[in-house]
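Coordinate inspection notes
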Amino acid sequence: MIKFSEIKKSFLVSLWFMFLTFPIMVIRVNPIEKTVQWRWRNMMIIGIGSFLLSFVWRFMLERKESGQKKADVFGIHKISFIQRILQEPKIYIPLLIVTGVFAIVFPFIFSAYQTNIMITALMYVMLGLGLNIVVGLAGLLDLGYVAFYAVGAYSYALLNYHFGLGFWTVLPIGAVLGVIFGILLGFPVLRLRGDYLAIVTLGFGEIIRLILENWNEFSFGPSGIANIPRPGFFGIEFSLQSATNYIYYMMIGLTLFTIFVVNRLQNSRIGRAWMALREDEVACQAMGIDKTKTKLTAFALGATWAGMVGVIFAAKTTFINPASFTFLESAMILSIVVIGGMGSIIGVVIGALILILLPEYLRAFSDYRMMLFGAILVIMMVFRPQGIISNVRRTYKFQGKQQ
Amino acid sequence: MEPILDVKKLTMDFGGLRAMDHLDLDVMEKEIVALIGPNGAGKTTFFNCITGIYTPTKGDILISPPGKTRERINGLKPNHITEKGMARTFQNIRLFPNMSVLENVMIGRHCRLNSGVIGAVVKGKSTIREEKAVVEDSYKILEKIGLAEYVNETAKNLPYGAQRRLEIARAMATEPFLILLDEPAAGMNPQETRELEELIKKIRDVEGLSVLLIEHDMKIVMSLSDRIFVMDYGKKIAQGTPDEIKNNPVVIKAYLGEEVDA
């Protein structure tokens, strides 16, 4: 039985939406014939649509809240469907094999264009995993992550331009430069937390971009650097097609390497210290954890991956300019981490694949795709703030004792 | 015998406000010492000073851990003081709420371990051994404190009394010689308070640690402490055994006020 007050609420919502969208959806001015067209039908559609949607919205919210209450009262760990799948070896091992086989044969089944998209997605997986260390594990909101990405990209472009260094030489150099810049950013923000930290890191990202844009002698300014060589393989030059495939397999390897390293870090003494830092800074210090060292390692190890992906980015696109390293990029990587699930590796991987691949494959609806993207962000944050796959605490079993 | 914690003329100013004024206090080995006083007397400020959260304006804090030489620890960072062997709990519970109970205790072990970034990634023999040991040691501590049933529970889901005990467990994990408890019985029901009393006794008698305790619950204070220090307005107004304190007119005045002559 639907209550009258519910209908009233939805009615008001639909009135409000009709009012808001009135100028854009109803009035159409034709400047040539100087007539005004009134599209009342649109208004009716919006009214009915928002009336119905507001019901769905409230129903979902209620369901979520009652679920939470239940969990609070009974202390039930709510383990989502996906997590249950991931914990069941009978399901996740075949799943892993299928994914692995699919990843290996991918370039042979699909076109070079598709492979390129996949490379981009894998790059974002790495970036997401790197930022996940800083934001998800250590709880330091970093809005300038793209700066390290830019550092990596420019280090390859410039070192190659001036000294002719190859891709494989610069890849570790990019990582090291990432570490150095991570520590460079880390020092001034040691005392900051939360909003203040976010603003300073945002400023840091913009500073790097503006330096690259304006210091013409150093970075060639907005015109960027072109003709960056693709990665070689012991001096063998590839055709465009096989170079793409080569980068693809290299990315698969590097992504697996990243997952391996980040997973090890997460389940180590350092990883625990990061999480403690995220949970309570004062208590963390009182328990004997060096706050300075822990924060700096988080920034440095997070930036490493951005530096490496930067090098790969430069090698893949063969052209870079500062326009690739705007705040929007940082925001994108941050969305990957938040939507995927903070602190959860598999969540970030899935988040990156969804957020990067979805807009690509939604090109058919190109007019609406950014709107859809925005709507997904809003809906996710309202109904599933912990992300697609939330981080589950590791459990330990003790033999012969009560677990 | 030398006191393991010896605080001399400790003074702390916040701008123009003197929160603590020339305070002297000492704790001997295997002793339970209580620090009491009305609200706002500066007890927690004292704790924050000796654990390095504040740097005291004047005075000395000297420690001589059993079997080690005496040293001054003024102005050291909190993590270094914990490494030296003084661990604390907080008046408002400060656990790591989204980590499991075991992980909370494992964090306490942090400063006694030494695998770094490379150790974590390579995961060599020593790291594996260390990780195994930390899990087992932490579990043993939980068993001692009586929290073993909650091992894999998320810390924030524990009942209130258990959260307080977990804070103590976490502090014990740092291998301290002196454990500082800031109002451990606050908000506990009588049953939980009794259990806590037992636990503190056990910490001293079985583990052989010293305890410095801030507490408002006089029943606990009087039954547990070997000596009591009383603070008011940042100054020490009395010290002595529970019986001496009970009958001290200055203490009674500080707590109950003075009789007004008509």
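Residues numbered from 1 in each chain as written. Chains lettered and ligands numbered in written order. Predicted model: local features only at pLDDT ≥ 70, side-chain atom pairs only at ≥ 80, totals over all residues. Heavy atoms only, no water.

Comments concerning the overall build of chain A
Quick reminder of the rule: Labels follow the DSSP assignment, with helices taken as runs of H or I lasting at least four residues and strands as runs of E lasting at least two, numbered in each case from the N terminus. Contacts were defined at the residue level, with two residues in contact if any of their heavy atoms lie within 4.5 Å. In this tally, Lys and Arg are treated as positive and Asp and Glu as negative; His is ignored, and so are the chain termini. Just so you know, the charge point we use is NZ for Lys, CZ for Arg, CG for Asp and CD for Glu.
The helix and strand inventory of chain A stands at 16 helices and 2 strands. Overall, chain A is about 80 × 70 × 50 Å in size when its C-alpha atoms are taken along their principal axes. Partitioning the intrachain contacts of chain A with sequence separation of at least 6 by distance along the chain shows that 75% fall at a separation of at least 24. Taking the 34 positively charged and 19 negatively charged side chains of chain A as two groups, their mean positions are separated by 9 Å.

Quick notes on the overall build of chain B
Applied cut-off: The globule rule used for comparison is 2.2 Å times the number of residues to the exponent 0.38, while the radius of gyration itself is calculated over C-alpha atoms. Between buried and exposed lies partly exposed: a residue is buried under 20% and exposed over 50% of the maximum accessible area for its type, with that area taken using a 1.4 Å probe on protein chains only. Each accessible area is a Shrake-Rupley estimate made with a 1.4 Å probe; only the visible protein chains count as cover when residues are assessed.
Within chain B, the regular secondary structure consists of 10 helices and 10 strands. Its C-alpha radius of gyration of 19 Å places chain B within 12% of the 18 Å reference for a compact globule of 262 residues. Viewed in the frame of its principal axes, chain B has a C-alpha envelope of about 75 × 40 × 35 Å. Counting all 262 residues of chain B, 56% fall into the buried class. Partitioning the contacts of chain B with sequence separation of at least 6, the portion at a separation of at least 24 is 68%. Surface accessibility of chain B: about 11,400 Å² in total, with carbon and sulfur atoms responsible for 50%. The average position of the 35 basic charges and that of the 38 acidic charges among the side chains of chain B differ by 5 Å.

Section: empty space enclosed by the protein
Vacant regions in the atomic arrangement are exposed by a probe of water-molecule size rolled over the atoms. The following threshold applies: With a 1 Å grid laid over protein atoms only, a set of points is called a cavity when a 1.4 Å probe fits there but cannot get out and a pocket when it is open yet has protein on both sides within 12 Å along at least five of seven lines; lining residues have an atom within 4 Å of a point. Grid points are joined across faces, edges and corners, and a volume is the space filled by probe spheres set on the points.
One pass over the structure, following the stated rule, counts 3 cavities of 30 Å³ or more. Considered as a void within the structure, the largest cavity measures approximately 50 Å³ in volume. Forming the boundary of the largest cavity are Q266(A), N267(A), R272(A), M275(A), R393(A), R394(A), Y396(A), E103(B) and M106(B). Elements with a minimum of two residues in the lining of the largest cavity: α11 (269-279) of chain A together with α3 (101-109) of chain B.

Quick word on the nonpolar core
Selection criterion: Put simply, buried Ala, Val, Leu, Ile, Met, Phe, Trp, Tyr and Cys residues joined by side-chain atoms within 4.5 Å make one nonpolar core.
One finds Y149(A), W274(A) and I320(A) to be the most contacted residues of the largest nonpolar core, which totals 103 residues. With 16 residues, the single largest contributor to this core is helix α5 (residues 112-137) of chain A. Setting aside residues no more than four positions away along its own chain, Y149(A) makes contact with M123(A), L127(A), A306(A), V309(A), G310(A), F313(A), F325(A) and E329(A). In this structure, M188(B), I220(B), A238(B) and I245(B) belong to the second largest nonpolar core, which totals 50 residues.

Focus: the side chain of Q266(A)
All names here are of chain A. The residue Q266 is located in helix α10 (residues 240-266) in this model. Classification of Q266 by relative accessible area gives buried; the value is 8%. Setting aside residues no more than four positions away along its own chain, Q266 makes contact with L137, G271, R272, M275, G343, I345 and N391.

A look at the pairing of strand β3 (residues 32-36) of chain B
Residues and elements named next belong to chain B. The condition is simple: What makes two strands pair is DSSP finding at least two bridges between them.
Across the 5 residues of β3, 5 count as buried, placing the element largely inside the fold. By the alternation rule, side chains of β3 split into I32, A34 and I36 and V33 and L35, which are all buried. Bridge count between β3 and strand β8 (residues 210-214): 4 bridges; the pairing is parallel. Opposite V33, over in β8, you have L212 as the bridge partner. The pairing of β3 with strand β9 (residues 227-232) spans 4 bridges and is classified as parallel. Residue pairing for β9: V33 is matched across the bridge by R227.

It is worth stressing that arrangement in space is one thing and function is another; only the former is reported here.
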